[in-house]
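Working through the structure, step by step
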Amino acid sequence: MKKKVFILTVFIFSALHCLAKSFVPERSNPKIKVLPVAPLKAYSFPLSQVRLLPGSRFYQAMTNDAGYLLSLQPDRLLHRFYKNAGLNPKDSVYGGWESAGVSGHTLGHYLSACALMYSATAKQEYKKRIDYIVDELIICQNARKTGYVGAIPNEDDIFGKVAKGEIKTSGFDLNGGWSPWYTVHKVMTGLMDAYLHCDNTKALKSLERMAHWTGNVLKDLNRDQIQEMLKCEWGGMNDILAQLYAVTNNPYYLELSYKFFDDFVMKPLAESIDPLPGKHSNTNVPKAIGSATQYIFTGNKKDSIIAAFFWNTMVKNHTYVIGGNSNYEYCGEAGKLNDRLSDNTAETCNTYNMLKLTRQLLALNPSSEFGDYYERALYNHILSSQHPGTAMMTYFMPLRMGAKKMFSDSTETFTCCVGTGIENHTKYGEGIYMEGSNGSLYVNLFIPSELNWKNRNVTVSQVTTFPESGVTTLSFKLKKKQNFDLKLRIPSWSNGNIRYYINSKQVNPDYIQQGYAVFSRGWKHKDNIRIEMEMTLHTEAMPDNKDRISILYGPIVLAGQLGDSMPDPLIGIPVLLTDQRLPVKDWVTKTTSGLNFKTYGVGKPFDVELRPFYDTYQGHYNVYWDYFTQDLWEKQKEEYLKLKKEEKEISEKTVDYFRVGEMQPERDHKLFATERSYVSEAMGVKGREARVNHYFSFEMMTDPSKPNSLLLSYIGDDKDRKFDIEVNNEVISTEQLKGGATGKFYHKSYSIPIHLTQGNEKITIKINAVHGTTAGRVFGARTLRESK
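Worth saying up front: this structure is predicted, and the values here are computed from it rather than measured.

1. Some remarks on the packing of aromatic side chains
The final tally for this structure, using the stated rule, is 35 aromatic pairs. Between the aromatic rings of Tyr-379 and Phe-466, the centroid separation amounts to 5.9 Å while the plane-to-plane angle is 80 degrees, which identifies the pairing as edge-to-face. In this pair, Tyr-379 is assigned in helix α17 (residues 368-382) and Phe-466 in the loop between β8 (458-464) and β9 (471-478), connecting sequence segments 87 residues apart. For the pair Phe-613 and Tyr-621, a centre-to-centre distance of 5.2 Å together with 75 degrees between the ring planes defines the contact as edge-to-face. Cluster of aromatic residues (ring-pair linked, three or more members): Phe-58, Tyr-379, Tyr-428, Phe-446, Phe-466 and Trp-493. A cation sits over an aromatic face here: Arg-676 above Trp-178, 5.2 Å from the ring centre. In this arrangement the basic side chain of Arg-782 is found over the ring face of Tyr-657, its NZ or CZ atom lying 4.0 Å from the centre.

2. Overview of the sheet that holds strand β37 (residues 780-785)
Strand order across the open sheet formed by four strands is β26-β37-β31-β34, with antiparallel pairing between neighbours. Either end of the sheet is taken by a strand with one partner, and the two such strands are β26 (654-658) and β34 (745-752). With strand direction ignored, the average angle separating the axes of adjacent strands in the sheet is 20 degrees.

3. Some points on the confidence of the model for the chain
Looking at the chain, the pLDDT average stands at 92 and 96% of residues meet or exceed 70. In this model residues 1-29 is a low-confidence stretch, pLDDT under 50, and it forms 88 contacts with partners more than four residues away in sequence or in other chains.

4. Concerning helix α14 (residues 281-298)
Three- or four-residue spacings in an α-helix give side chains the same orientation, since the helix completes a turn every 3.6 residues. Taking 1.5 Å of rise per residue, the 18 residues of α14 would be expected to cover 26 Å, and the 26 Å separating its terminal C-alpha atoms lies within 8% of that figure. Of all the 18 residues making up α14, 17 are buried; the element is thus mostly covered by neighbouring parts of the structure. Just downstream of α14 lies Gly-299, where phi reads positive at about 75 degrees.

5. Digging into the pattern of salt bridges
One pass over the structure, following the stated rule, counts 40 salt bridges. Notably, a salt bridge pairs Glu-532 with Arg-499, separated by 3.0 Å at the nearest N-O pair. One end of the pair, Glu-532, is in strand β15 (residues 528-533); the other, Arg-499, is in strand β11 (residues 498-502), and 33 residues separate them in sequence. What you see here is one network of salt bridges that share partners, running through Glu-689, Arg-691, Asp-718, Arg-721 and Arg-777.

6. Quick look at the nonpolar core
Counting 197 residues, the largest nonpolar core has Trp-181, Val-184, Met-229, Leu-357, Phe-476, Leu-486 and Ile-529 as the members making the most contacts within it. With residues near it in sequence (within four places) discarded, Ile-529 still touches Thr-472, Thr-473, Leu-474, Phe-476, Leu-486, Leu-488, Tyr-500, Tyr-501, Ile-502 and Phe-519. The next biggest cluster of nonpolar side chains, apart from the first, holds 25 residues, and it includes Met-700, Ile-752, Ile-763 and Val-778.

7. Concerning the layout of surface pockets
Roughly 1600 Å³ of internal volume is contained in the second largest pocket. Around the second largest pocket sit 50 residues that line it, and Pro-569, Leu-643, Met-683, Lys-744 and Phe-745 are the ones nearest its centre. Of all the elements in the fold, those that place two or more residues in the lining of the second largest pocket are β25 (624-628), α19 (630-653), β29 (685-690), β34 and β37. For the lining of the second largest pocket, the leading source of residues is α19, giving eleven residues. The residue makeup of the lining of the second largest pocket, split by class, is 25 nonpolar, nine polar and 16 charged.

8. What about the environment of Ile-502?
Relative to the helices and strands, Ile-502 resides in strand β11. Exposure remark for Ile-502: the relative accessible area of 7% places this residue in the buried category. The sequence separation of Ile-502 and Leu-77 amounts to 425 residues, and the corresponding C-alpha distance is 52 Å.

9. What about unusual backbone geometry?
Put simply, Phe-466 and Pro-467 share a cis peptide bond, and its omega is 10 degrees. With respect to the helices, strands and loops of the structure, Pro-467 is situated in the loop between β8 and β9. Notably, Tyr-328 is not glycine yet its phi reads approximately 50 degrees, a positive angle. Among the secondary structure elements, Tyr-328 is positioned in the loop between α15 (301-317) and α16 (348-364).

Reading guide: rules and limits
- Residues numbered from 1 in each chain as written.
- Predicted model: local features only at pLDDT ≥ 70, side-chain atom pairs only at ≥ 80, totals over all residues.
- Heavy atoms only, no water.
- Phe/Tyr/Trp six-rings, centres within 6.5 Å; stacked < 30°, edge-to-face > 60°.
- Helix = DSSP H or I, 4+ residues; strand = E, 2+ residues; numbered from the N terminus.
- Lys NZ or Arg CZ within 6 Å of the ring centre and 35° of its normal.
- Pairing = 2+ DSSP bridges.
- Axes fitted to C-alpha atoms, helices over the stretch in contact; angles between N-to-C directions.
- pLDDT = per-residue confidence, 0-100.
- Contact = heavy atoms within 4.5 Å.
- Expected span 1.5 Å × (residues − 1).
- Buried < 20%, exposed > 50% of the residue type's maximum accessible area, 1.4 Å probe, protein only.
- Salt bridge = Lys/Arg side-chain N within 4 Å of Asp/Glu carboxyl O.
- Core = buried A, V, L, I, M, F, W, Y, C linked by side-chain atoms within 4.5 Å.
- 1 Å grid on protein atoms, 1.4 Å probe; cavity = no way out; pocket = protein on both sides within 12 Å on 5 of 7 lines; lining within 4 Å.
- Points joined across faces, edges and corners; volume = space filled by probe spheres on them.
- Nonpolar A, V, L, I, M, F, W, Y, C, P; charged D, E, K, R; others polar.

This is the structure:
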């Protein structure tokens, strides 16, 4: 009987580890109280049983992240937790979003990141930080006396109104707060990770108190009120509450998790209908993760459909070549990506969450299709999102031609993607290996690493220089011969051209299963298997434009290096000039022993060096390339000359020019902005927008002796935005942006009534979001003198 209990316990721990970021340090540690109901076919290894070996880019990225984590000061992250609890903060607050409406989200991510890093390295400093933060949070929680602990501005008022059924939301605003449930989820998840990875039982008790507070907020709300509340981004509240059910076996938490189910995204998903076009991507990925968690512990078929259909839809209809998705954080029409390339493609948070969901689906149904996506996104987005010199992270991953990555600041940014970013580089060991339900070993990724397979008392070492070469070798250390199936992913990019050698003798797989080559045999000490995968250059076209391609080597996306200066958008960004479509091997050649390549004979106006996207972090680049015939190339040059002529005419009429979004010009023009007005960048140009019911204003010079007009610059990416343009508090136009050519700026002119400029050398212009949508973005403003 005891033996059966132990076996079930092992399966439970493995099951929870398949959840997003979940981990049990020792497989015999009975933290999980609920048996999985869904039939799991594979289990993730605890992160503590996988060690990255030195020498790979992943090891370097993890080392960089480890140093950055230790540079951050817990008391600064705790600043508003103390303040909101009526206690004296011990240090100043960090900048960026920690000084804004989602204050506290970074602390939740930091708890998770330190817990994961402790598992990945066993270094005590990370556990010490976890224990300290949890103790301080509990002090704040006790001072508040409600079970809640948080750092969101005006949070008591926000949630107090929700509890009374007073709910006002506009998508990211709930009763005046910026996505408050999103931040609550981050803190709760951090506490869960502190418990699972660091055995901090106080964190679990604190988490349970927050869950009961959540239940108290929602207990008197009817279904319509909850649906209204859920229109505001709520993170993965369904996920963390379902995990809490698994840890405690308290069905109250499972029931509470299902209160976070919305009818406008999750219901269509359950009916296999794509609801994503026009939806904010990262609002919705965590919902699918939560559904997968609920399915694992309930077997509810509807939850399974939501998770699987969401993954299939997002990956096949809304995902770029690097594995990331969304443009300006939103999904577009299914399969339509050609006109959605900008400086704000592929929010990094989205891919962080998609990899969580992929690991869950791998556990339920191991398939090389999931492994292929995981590999593509891991190398080309997650690894690419960290600056190897500074350890800083990207928010967006720009994919327009001629773009440049923008990295966070170490203390003054703290966006959502910094939060997920500090976790991303702690857990590269998660997806490399999995244990099959029949005791087999899955190898999904080719990363230098060592697996301590405690369940079998086997050590597996993987030595490889992948992706510099397609060769990897697995070696086994074990005390006695053991029989088990070794299942090696067959990457789609190899086209099945793989050779296998066991102890230097070439062999064939015993069989192929779900895209894995399976070797069934008795394995002995010092046995090894060498895998030689063919890596070739190939192209991948946009789903809606065969003439726009990306270039890959194996799974690695190659980026064209365009230099440190912003290239001219019309003639400074190379295209592929060919009247006959030739195979990529005919016009790209390797230049060194590494992964450096160069185009030759097809790049116009010049050929370029190609390097892995993850090795591109300083200059401008191309990830996508357009094919042109000679005739089309000549027309492009004509368009450039026409544009230059128009710019000359505008310059001659300009009275004042304001570079919106830049610090000194905004000071010079006395810019005033309310809290929800933000600066962002597109194609190397800064702009500013204001969210619903907010505005920004600035002063401009005029020519009082002549009629004047206002010229504002927009970008074609922005659409469905309606706002008022005011001069000296008088509305001169209500603008409705309907969008234009993606990645291109355009100007619109507005006549200024002459009575507003006569006798006035300065006017005040206000961009006012009073029509229920965002105002702007405005990338530049000019006052022009017009002829009488």
